[in-house]
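Structural description and commentary
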Amino acid sequence: AQTVTQSQPEMSVQEAETVTLSCTYDTSESDYYLFWYKQPPSRQMILVIRQEAYKQQNATENRFSVNFQKAAKSFSLKISDSQLGDAAMYFCAYRGPSGTYKYIFGTGTRLKVLA
Amino acid sequence: DTGVSQNPRHKITKRGQNVTFRCDPISEHNRLYWYRQTLGQGPEFLTYFQNEAQLEKSRLLSDRFSAERPKGSFSTLEIQRTEQGDSAMYLCASSLVQGYEQFFGPGTRLTVL
């Protein structure tokens, strides 16, 4: 069975600094999708960034980028120039190949941004 | 239509009562998902629909849980004979058939006393 592990329950970063959140996963599939979702205190989950496993290039969305290491089954999120609004729970999620549509989530990392 | 909506946002009930939650997905989305999130945990998959067909159910979905999507639009999740262990946030999400991004609603927080 697929699993997703986030080993950092909580992280802190100074405003304007860079922080990296870790995620590892386990799967026997070669085709899959990985996501980072943000869940602010209001609880609505928002997609931050996604990565298709067949793409070697790391995804980037403005201040957010990932380091996708397929062989190591690692998928970390880097947030540059951290802002107060980045404070939230961040969940790493895995979705299998076509035909499997559910997400498998990690336990989350709470990010605190210090002014 | 700006996103996935869920009602009610909060529900407090006594043990043994039945509760029903509603989810309205983004209008053009054919797939609809239910997840449960307990405190300090990530969401756990419960079930999903493609149009009105329920295509997968988790082992977490005991016989007391039932979900429907009668016309392929909104969905309901019913919990019968609630237990204190059912207390959680119930999240709904939707997606396009050809897409892999799920859009989440704000959730329904259930408290069973």
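Just above sits the structure.
A quick note: this is a predicted structure, and the numbers were derived from the prediction, not measured. (Residues numbered from 1 in each chain as written. Chains lettered and ligands numbered in written order. Predicted model: local features only at pLDDT ≥ 70, side-chain atom pairs only at ≥ 80, totals over all residues. Heavy atoms only, no water.)

Let's shift gears to the packing of aromatic side chains. On inspection of all chains with the given rule, the structure shows 20 aromatic pairs over all chains. Where B:Tyr35 meets B:Phe45, the ring centres are 6.0 Å apart and the plane angle is 75°; that geometry is what we call edge-to-face. Of this pair, B:Tyr35 sits in strand β4 (residues 31-37) while B:Phe45 is found in strand β5 (residues 44-50), placing the two residues 10 residues apart along the sequence. Of the two residues, B:Tyr35 and B:Phe45, both sit in the buried class. Three or more aromatic residues joined by ring pairs form one cluster here, namely A:Phe35, A:Tyr37, A:Phe91, A:Tyr103, A:Phe105, B:Tyr35, B:Phe45 and B:Phe104. Between the NZ or CZ atom of B:Arg22 and the centre of the ring of B:Phe74, over which it lies, the distance is 3.9 Å. (Phe/Tyr/Trp six-rings, centres within 6.5 Å; stacked < 30°, edge-to-face > 60°. Helix = DSSP H or I, 4+ residues; strand = E, 2+ residues; numbered from the N terminus. Buried < 20%, exposed > 50% of the residue type's maximum accessible area, 1.4 Å probe, protein only. Lys NZ or Arg CZ within 6 Å of the ring centre and 35° of its normal.)

For the structure on display, the rule yields 2 disulfides over all chains. A disulfide bridge connects A:Cys23 with A:Cys92, and the sulfur atoms are separated by 2.0 Å. On the S-S bond that ties A:Cys23 to A:Cys92, the torsion sits near -70°, and the link is left-handed. Taken together, the positions of A:Cys23 in the loop between β3 (19-21) and β4 (24-26) and A:Cys92 in strand β10 (residues 88-95) put the pair 69 residues apart, joining distant regions of the chain. Comparing A:Cys23 with A:Cys92, the two get one shared label, buried. Two residues share a disulfide in this structure: B:Cys23 and B:Cys92, whose sulfurs sit 1.8 Å from each other. (Disulfide = S-S within 2.5 Å.)

Moving on: the nonpolar core. Ranked by internal contacts, the top residues of the largest apolar core, which has 26 residues, are A:Tyr25, A:Trp36, A:Phe75, A:Leu77 and A:Tyr90. Mapped onto this core, the elements with two or more residues apiece are β3, β5 (33-39), β6 (46-52), β8 (64-69), β9 (74-79), β10 and β12 (109-114) of chain A. Broken down by element, this core gets its largest block of residues, 4 residues, from β10(A). Once you skip the residues sitting within four places of it in the chain, A:Tyr25 turns out to touch A:Thr3, A:Val4, A:Tyr32, A:Leu34, A:Phe68, A:Gln69, A:Lys70, A:Lys73, A:Ser74, A:Phe75 and A:Tyr94. By size, the runner-up hydrophobic cluster in this structure holds 19 residues, among which are B:Val19, B:Trp34, B:Tyr90 and B:Cys92. (Core = buried A, V, L, I, M, F, W, Y, C linked by side-chain atoms within 4.5 Å. Contact = heavy atoms within 4.5 Å.)

Here we take up the layout of surface pockets. Looking at the largest pocket, its volume works out to about 440 Å³. Along the wall of the largest pocket there are 18 residues; nearest its centre are A:Ile104, B:Glu44, B:Phe45, B:Ser58 and B:Leu60. Among the elements of the structure, β11 (103-105) of chain A together with β5 and β6 (53-57) of chain B are those that each provide at least two residues to the lining of the largest pocket. With 3 residues, β11(A) is the single largest residue contributor to the lining of the largest pocket. Its residues assigned to classes, the lining of the largest pocket comprises 7 nonpolar, 6 polar and 5 charged. (1 Å grid on protein atoms, 1.4 Å probe; cavity = no way out; pocket = protein on both sides within 12 Å on 5 of 7 lines; lining within 4 Å. Points joined across faces, edges and corners; volume = space filled by probe spheres on them. Nonpolar A, V, L, I, M, F, W, Y, C, P; charged D, E, K, R; others polar.)

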